[in-house]
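A closer look at the structure
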Amino acid sequence: MGLERTLTVRVSRIARQTPDILAFELSHPWGRPLPGYEAGAHIDVHMPGGFSRQYSLARAPRPAGQQAYVIGVKREASSRGGSASMHERVREGDLIAISSPRNTFPLRAQARSHLLLAAGIGMTPLLAMAQELALRGADFTLCVFARSREHLAFAQALRAPDLAPHVRLHLDQGPASQRIDLRQLLAEPAPGTHVYVCGPAGFVQAVREAAAHWPEEALHTEYFAAPDGSAAAATGRPFTLKLARRGIEVPVAADQTAVDALHDVGIDIPVSCQQGLCGTCVVPGDGDGAEHRDVCLTATERRSRIALCCSRAKNHALVLEL
């Protein structure tokens, strides 16, 4: 349902970044340019075994045309099969299918300064952002948190002359003098500064707690998985979708998502993660009447937008501008 056009790409290069992270360079099979994108974008990768996972593009877009995409894939110990498939079954020269890039984590044009906070594999979208900001000559700082130098992915890219002066490196196993105190870093909200964070759920939570006094519109988060304790499960009480533009009502069963209910009546809503992470399924509607279970929308956005893959109605009905 809601399937997007897929692209076939060739795995032109695989490079080990850390003991558990590989970088994959993906190129057009015939050397043609790939679709352009903005820093912060991600793609769906369809891999051997029938798995599909989302990976951020870890290289700034090229103004002259995109010749290759780069993604970083961490081999998760608790992998459900996706990262294991990429690490164990994908080889240089293989052809794989991907989606076109889409971006739910963009740089904000209104920001006067950018503070990028990356931990582990969460560096991938923020590395592309930092490279883009460096090309623009913008004011930014990239803070990278890693266990040790051995576990620092894309280290060579961080040493690039235009990027290195903007990088602050925090190594858990490094000297105390170089470690970054998040509460101290985020103690004073800087006017015009926007904060972007990506990494493990615990790191993201620590940043958001340290920045709780910052304006909500200045904090931007990219999740790789639904945070522990999130309510992303799509089941609940039955309710009715009221489609304002079509003038019809669609029932949603207790064990059914709003997306599935709409699909049953011939209305396709694009979906991807189905965990409320990516924003692909977000539609306009009466957000005040929704039980929001996503982590991709801000409180302000939730007033008029709803992620249909996981959210439900607070009461008996939910109005959508469809």
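Look a little higher up for the structure.
The paragraphs below set out a description of the structure included in this document. (Residues numbered from 1 in each chain as written. Predicted model: local features only at pLDDT ≥ 70, side-chain atom pairs only at ≥ 80, totals over all residues. Heavy atoms only, no water.)

Here the focus is the sheet that holds strand E10 (residues 193-198). The pairing of strands in a sheet comes from backbone hydrogen bonds and takes either a parallel or an antiparallel form. Pairing is parallel across the open sheet formed by five strands, whose spatial order is E9-E8-E7-E10-E11. Sheet topology places strand E9 (167-171) and strand E11 (219-222) at the edges, where each strand pairs with a single neighbour. Each neighbouring strand pair of the sheet contributes to a mean axis angle of 15 degrees, computed without reference to strand direction. The sheet contacts of helix H2 (residues 123-136) involve strand E7 (113-119), strand E8 (140-146) and E10, and relative to E7 the element is tilted by about 150 degrees. Where helix H5 (residues 201-210) meets the sheet, its contacts fall on E7, E8, E10 and E11, and the angle it forms with E10 comes to roughly 160 degrees. (Pairing = 2+ DSSP bridges. Helix = DSSP H or I, 4+ residues; strand = E, 2+ residues; numbered from the N terminus. Axes fitted to C-alpha atoms, helices over the stretch in contact; angles between N-to-C directions. Contact = heavy atoms within 4.5 Å.)

Both strand E12 (residues 239-243) and strand E13 (residues 248-252) contribute to a ladder of five bridges, which runs antiparallel. Along E13, the bridge assignment pairs leucine 241 with valine 250. Turn length for the E12-E13 hairpin, with the two strands adjacent in sequence and antiparallel, is four residues, and the turn residue glycine 247 shows positive phi of about 70 degrees.

Examined against the element boundaries, phenylalanine 140 turns out to sit in strand E8. For phenylalanine 140, a relative accessible area of 2% puts it in the buried group. Between the C-alpha atoms of phenylalanine 140 and alanine 317, which are 177 residues apart in sequence, the distance is 45 Å. Sequence-distant contacts of phenylalanine 140, that is, excluding residues within four places in its chain, are made with His114, Leu116, Ala130, Leu133, Ala134, Leu163 and His166. (Buried < 20%, exposed > 50% of the residue type's maximum accessible area, 1.4 Å probe, protein only.)

The three strands lie next to each other as E13-E12-E18, forming an open sheet whose pairing is mixed. In this open sheet, the two edge strands, each paired with only one partner strand, are E13 and strand E18 (317-320). Averaged over all pairs of adjacent strands, the angle between their axes in this sheet comes to 25 degrees, without regard to strand direction. Alignment of E12 against E18, held across four bridges, turns out to be parallel. Bridging from a neighbouring strand, leucine 243 pairs with leucine 320 of E18.

The subject of this paragraph is unusual backbone geometry. Its identity is not glycine, yet phenylalanine 154 carries a phi of approximately 55 degrees, on the positive side. As for its placement among the helices and strands, phenylalanine 154 is situated in the loop between E8 and helix H3 (155-158).

With six of eight residues buried, helix H1 (residues 82-89) is to be regarded as a mostly interior element. Looking at H1, one finds that the buried residues are Gly82, Ser83, Ala84, Ser85, Met86 and His87.

Now for the nonpolar core. Membership of the largest hydrophobic core comes to 33 residues, with the highest contact counts inside it found for Leu116 and Leu126. Elements with a minimum of two residues in this core: strand E2 (21-27), E7, H2, E8, H3, E9 and E10. The greatest single-element share of this core, amounting to eight residues, is contributed by H2. Not counting the four nearest positions on each side in its chain, leucine 116 is found in contact with Leu126, Met129, Ala130, Leu133, Phe140, Thr141, Leu142, Cys143 and Tyr196. Of all hydrophobic cores here, the second largest spans 26 residues; its members include Leu243, Ala261, Leu308 and Cys309. (Core = buried A, V, L, I, M, F, W, Y, C linked by side-chain atoms within 4.5 Å.)

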